[in-house]
Every structure is written in structure tokens, then in C-alpha cells.
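Next come the chains, spelled out residue by residue.
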Amino acid sequence: MLTKVRLRKADAHNMYLLMMGMSAFATSLAYTIHLVYQVREVGLNPLQLVLVGTTLELTAFLTEIPTGVVADIYSRRLSVIIGFALLGLSLIIEGAVPVFEVLLLGQVVAGLGYTFLSGATSAWIVDEIGLERAGSAFLRGAQAEQVCAFVGIFASVALASISLQLAIISGGILLVLLAAFLAFVMPETGFQRAVASDRETWRVFLATFRGGVALVRARRILLLITLAAIIYGAFSEGFDRLWITHLLRNFSLPSLGQFDEIVWFGIISAVSMPLTLAATEALRRRLDLADDRKVALTLIIVYAALICSVLLFILGGTFALALFGLWLTGAARAIRNPLMEAWINQHTDSAVRATVLSIQGQADALGQIAGGPAVGAVGLLTSVRLAISLSAVLLLPILPVIRGTAQAGSGQNVQS
């Protein structure tokens, strides 16, 4: 018992970095070859690939707010632990049976797991170490994820060379073990749990949810960020599900001697890691996350670069140009994620922080639900190249939206 108490007093900042790193290794182990598994072993067509993702996002859309409210009322620590356990279980389910319907079931479990993690993880670290240190922690956490994911790529390729299913199931088992580990060592000292009488009523759930919605409606910058999340979701679903199909269908992957072509997907992931690591480190040192205008300008540049890199990937006539575009796309998205997360936290009150972050996650899911099937249908009826090009076009409206946040955010920063 004494050992358990000591473990729970672990430094929250270091625990956050460890958690990000361990989860990144496990997910890299599974997701480096996840789409290859769906295309090769399960034999999904472009529309089915997107429908698998849409099932995930529909689940997230339906459960994002309830799980975010749970994190704000019960425990952010508990929400994180449940999230990792469910995500691991989903991978075990998907890897065990290579059937389309089973993949859909796995995505339902994964969607629920992601919603428990969404908002709760960042809200937890903000409460534990304070808003002032949180921005740097988000960027450091992104770096920890990139380093550990880099190592996970090689492990994934090694296991996938034996069996694609083995790599996916192994990643799932590691996530379940991570959840068990966190149950013993993850602290929670900055969160004020609702009293027992309030936890048992829907009144508090609804009040917390309404508080989050009211905050988003009251602050124009949060409304614009929510709109940006919808637009980004519409873009990301089609691209994420179809980029591997584009490479496999439209290019002959260069020979690697005795190695299987699966190694190419490890190389693609491995090369992108140092690029994103360097980019996030430069961002951490030079960008003041409390300056809304500078954050907005940086995001405009990042989104513009993202659109151009996706077009290069899809329109480049050679495998080398496609790879270059793909690596630039990955770098831009890696920079975008911690920037948006830190920015949302900067403008959100502590009492409803997880709920507001969950609203952002729901907005992203809504965009993916709206844009994904349309892009997948285009890929099935015409070509994957045209479908991914449509994804890039869907991202264009985000530029004026982000520009508008610079003016909307002035003087609205929250310091709690």
C-alpha cells in the first residue's frame, strides 16, 4: 500500500511525457502497417476504407461530449486509463479477425476509447502543472511521441514481416498494459472532483455540458476554432484512409532486394519523424503561445503548407515527389496538432476544459463524417488521385477562418 501511494506521487510533467511516449510506441507498432493490413489482408476498397474510418468518427461524435463531461465531473485520470484500455482492446479485436464487419466493431471500441482520451489528457496535465507550463509540455509531449513512435516503426516492420496481424495485436496489448501501469502511477492532485451527491445526477452532467457550450458560444475565437476543426476533419478522413492505396495503386515501389515492400512504409514513417521533431522543437523555442496573432499567423502558414504538400503528393508524377509531399504533409500536421491544443486551452476555463476540448473533438468527428464518405465514393467511382485532391480542396476554407481568430482572440486569454 505504501509503495502504491509513493508511485502516485510521481511528477506529473514527467508522467505526461512518459505516457505520451509509451502510447506513441504502442500505436506506432500497430498503425504503421494498419492500413496496409486493411488493404492487403482484409481487401477493402476505397469506400470501405473510408467507411471504417467513418464508423470510428461516428462513434466519437456520439460519445465525445458524454466522455468529456465524465472527465470534468468524475476523474480525468480515470478517463485517460479507460481510454487507453479501450484503444488497446480495439486493436486486439481488429488484428484477431481480418473481416470487414469485425473491423467495424473494432472501430466502435476505438472511437469510444479516443473520446475518453480526447480532452481528458490535456485537461489533466493543465490542472496538474498549470497553464503557464502546459504549452511547453504539449510540445515536449509531441516530441516524446515522435521519438518513441520512431522506435516503434522499426519494431512494427519487424513484426509485420512475420505477420501483419502480430504487429497490430502487439500494439493493442501494450496499450492495455499502459492503462494498467497508469492505474498505479498516474497522479491527480489538481482536479476537484464533484461531491458524491452531485455525481449521481444528470443535472450536473448537463450543467457542465451547458457550461462548455456557453463558453464556446461566448468566445468568438472558440467558435472559429470549432469551425476550423470541422473543416480539418473533412480533409483528414479521406487523406488518412486513402494515401496508402494511392501509393500501392499508382506507383511501383522500388525494389529493396530481399525485403518485403512493407519495409517501404516503415521507411516513409521513419524519415518523417526527424523532420517533425526538429519542427516542433523550433516552434517550442520561438513561438509565444499566448500571442494570438503570432499563433494565428503560424497556423495559416502551416495550413497553407499542408494544402500544397498534399497536392504535391497526389499530383507529383514520380515516387520521389510523392514521398517528398507525404513527408511535408506529416511535418505540417505534427506542428498543427500541439498548436491547436495549446491554443484551445489558453482560451478555456478550468471547470469545463475537458468538455470544451471534447466539443472540439466532436467538431472534428462531424467534419470527418461529412467529408469522408463523399471522398471515398469519389475514390471508388473515379480514382483515388481525384479523391485525395478533393480532400485538399476541402481544407482551403480553413485559411480565412484561422485569419479571423487572430482578431477574435485579443484579450480573451484565460489564466486559470
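One numbering rule holds for all chains: residues counted from 1, following each sequence as written. Only residues with pLDDT of at least 70 are given local features in this predicted model, and only at 80 or more are side-chain atom pairs given and counted; all residues enter the totals for whole chains, interfaces and linings. For the side-chain quantities, the full set of heavy atoms in the structure was used; hydrogens and water were omitted.

## A few points about the pattern of salt bridges
As a reminder, the rule being used: The rule for a salt bridge is simple: a side-chain nitrogen of Lys or Arg has to be within 4 Å of a carboxyl oxygen of Asp or Glu. In this text, helices come from DSSP runs of H or I with a minimum length of four residues, and strands from runs of E with a minimum of two, each type numbered from the N-terminal end.
All chains considered together, the criterion is met by 3 salt bridges. For Asp127, the salt bridge is made with Arg76, and the minimal N-O distance between the two is 2.0 Å. A residue pair is termed long-range when its members are at least 10 positions apart, and Asp127 in helix α7 (residues 120-129) and Arg76 in helix α5 (residues 76-96) qualify at 51 residues.

## A look at helix α15 (residues 319-346)
Worth spelling out the cut-off: A helix is expected to span 1.5 Å for every residue after the first. Residue burial is assigned from relative accessible area. The probe radius is 1.4 Å, only protein chains are included, and a residue is buried under 20% of its type maximum, exposed over 50%, and partly exposed in between.
The first and last C-alpha atoms of α15 sit 41 Å apart over 28 residues, in line with the 40 Å expected at 1.5 Å per residue. Where burial is concerned, most of α15 is hidden: 21 out of the 28 residues are buried.

## Considerations on the environment of Ala331
Following the sequence through the fold, Ala331 ends up in helix α15. Take Ala331: its relative accessible area is 13%, and that puts it in the buried class. In the structure, Ala331 is positioned 55 residues away from Thr276 in sequence and 4.7 Å away in space, judged by C-alpha atoms.

## What to know about the nonpolar core
One recurring pattern in soluble globular proteins: nonpolar side chains tend to sit buried together. Quick reminder of the rule: What is meant by a nonpolar core is a set of buried Ala, Val, Leu, Ile, Met, Phe, Trp, Tyr and Cys residues, joined one to another through side-chain atoms within 4.5 Å. Contacts are residue-level and defined by heavy atoms, with any inter-residue pair within 4.5 Å sufficient.
With 102 residues, the main nonpolar core has Trp243 and Leu247 as its most contacted residues. Among the elements that line this core, the one with the most residues is helix α12 (residues 220-250), at 13 residues. Residue contacts for Trp243: discarding those within four places in its chain leaves Leu35, Phe265, Ile268, Phe313, Leu326 and Ile388.

## Some remarks on the side chain of Arg333
Test applied: In the analysis that follows, any N or O atom pair within 3.5 Å is treated as a polar contact, provided that within protein one partner can donate a hydrogen and the other can accept it, and provided that, for residues neighboring in sequence, both atoms belong to side chains.
If you trace the backbone, Arg333 turns up in helix α15. For Arg333, the side chain forms a polar contact with the side chain of Asp240, separated by 2.5 Å. Discounting chain neighbours no more than four positions away, the residues touching Arg333 are Tyr232, Phe235, Ser236, Phe239, Asp240 and Leu306.

## Here we look at a nonpolar patch on the surface
Note the threshold: Nonpolar side chains (Val, Leu, Ile, Met, Phe, Trp, Tyr) within 5 Å and like charges within 9 Å form the patches, drawn only from residues with over 30% relative accessible area and no salt bridge. With residues, only the protein chains shown are counted as cover, and all accessible areas are computed by Shrake-Rupley using a 1.4 Å probe.
A surface patch of nonpolar side chains, about 290 Å² in accessible area, is lined by Leu390, Val393, Leu394 and Leu396. Tracing the backbone shows Leu396 in the loop between α17 (384-395) and α18 (398-408).

## As for the packing of α12 against α15
Worth spelling out the cut-off: Structural elements are reduced to axes, namely lines fitted to C-alpha atoms, with helices fitted over the stretch in contact, and the angle between N-to-C directions of any two is expressed from 0 to 180 degrees. When an angle is under 35 degrees it counts as roughly parallel; over 145 it counts as roughly antiparallel; between 65 and 115 it counts as roughly perpendicular; any other value is oblique. A crossing counts as left-handed when the near helix is turned anticlockwise from the far one by less than a right angle, and as right-handed when that turn is clockwise. Put simply, Ala, Val, Leu, Ile, Met, Phe, Trp, Tyr, Cys and Pro go in the nonpolar bin, Asp, Glu, Lys and Arg in the charged bin, and everything else, Gly too, in the polar bin.
Contact geometry for α12 and α15: axes closest at 12 Å, N-to-C directions at 150°. When the axes of α12 and α15 are compared, the pair comes out roughly antiparallel. The handedness of the crossing between α12 and α15 comes out as left-handed. Contact with α12, carried on its side by Ile221, Leu222, Ile225, Tyr232, Phe235, Ser236, Phe239, Asp240, Trp243 and Leu247, involves Phe319, Ala322, Leu326, Thr329, Arg333, Arg336, Asn337, Met340, Trp343 and Ile344 of α15 and no other residues of that element. Considered class by class, the residues forming the contact of α12 with α15 number 14 nonpolar, 3 polar and 3 charged.

## Some remarks on the environment of Thr245
Relative to the elements of secondary structure, Thr245 occurs in helix α12. Look at Thr245 and you get buried, because its relative accessible area is 5%. Residues Thr245 and Leu44 lie 201 residues apart in sequence; the distance between their C-alpha atoms is 9.9 Å. Not counting the four nearest positions on each side in its chain, Thr245 is found in contact with Val39, Leu49 and Val384.

## Quick look at the packing of aromatic side chains
This is how the line gets drawn: Each pair of aromatic rings taken from Phe, Tyr and Trp, with Trp reduced to its six-membered ring, is defined by centres within 6.5 Å and is described as stacked if the planes are under 30 degrees apart, edge-to-face if over 60, and tilted in the remaining cases. Geometrically, a charge over a ring is one whose NZ (Lys) or CZ (Arg) sits within 6 Å of the ring centre while staying within 35 degrees of the ring normal.
Per the counting criterion, the structure on display carries 9 aromatic pairs. Aromatic pair Phe239 and Phe313: ring centres 5.7 Å apart, planes at 70°, arrangement edge-to-face. Within this pair, whereas Phe239 is found in helix α12, its partner Phe313 is found in helix α14 (residues 292-315), the two being separated by 74 residues in sequence. Of the residues examined, Phe313 reaches a relative accessible area of 0% and is grouped as buried. Ring pairs connect the aromatic residues Tyr232, Phe235, Phe239, Tyr303 and Phe313, which therefore count as one cluster. In this structure, Arg336 is placed above the aromatic ring of Tyr232, and the distance from its NZ or CZ to the ring centre is 3.7 Å.

## A word on the confidence of the model for the chain
Heads up, the condition is: Each residue carries a pLDDT score, the predictor's own confidence in it, on a scale running from 0 to 100.
Chain-level pLDDT for the chain is 82 on average; 82% of the residues reach the 70-or-more range. Per-element confidence in the chain ranges from a low mean pLDDT of 43 for helix α1 (residues 2-8) to a high of 95 for helix α9 (residues 164-185). Taken as a whole, residues 1-8 scores under 50 in pLDDT and shows 9 contacts with residues more than four places along the chain or in a different chain. Note that pLDDT drops below 50 for residues 197-202; the model gives that stretch 7 contacts with residues more than four away or on any other chain.

## Focus: the side chain of Thr329
By secondary structure assignment, the location of Thr329 is in helix α15. Taking the relative accessible area as the measure of exposure, Thr329 reaches 1% and is therefore buried. When neighbours within four sequence positions are excluded, Thr329 is seen to be in contact with Phe239, Leu306, Ser309 and Val310.

## Focus: the packing of helix α2 (residues 12-31) against helix α8 (residues 131-162)
Where α2 contacts α8, the two axes come as close as 6 Å, and the packing angle between them is 30°. Taken together, α2 and α8 sit at an angle that is classed as roughly parallel. Crossing hand, α2 versus α8: right-handed.

## A word on the environment of Pro187
On the secondary structure map, Pro187 appears in the loop between α9 and α10 (196-199). For Pro187, a relative accessible area of 4% gives the class buried. Along the primary structure Pro187 and Trp124 are separated by 63 residues, whereas in three dimensions their C-alpha atoms are 9.4 Å apart.

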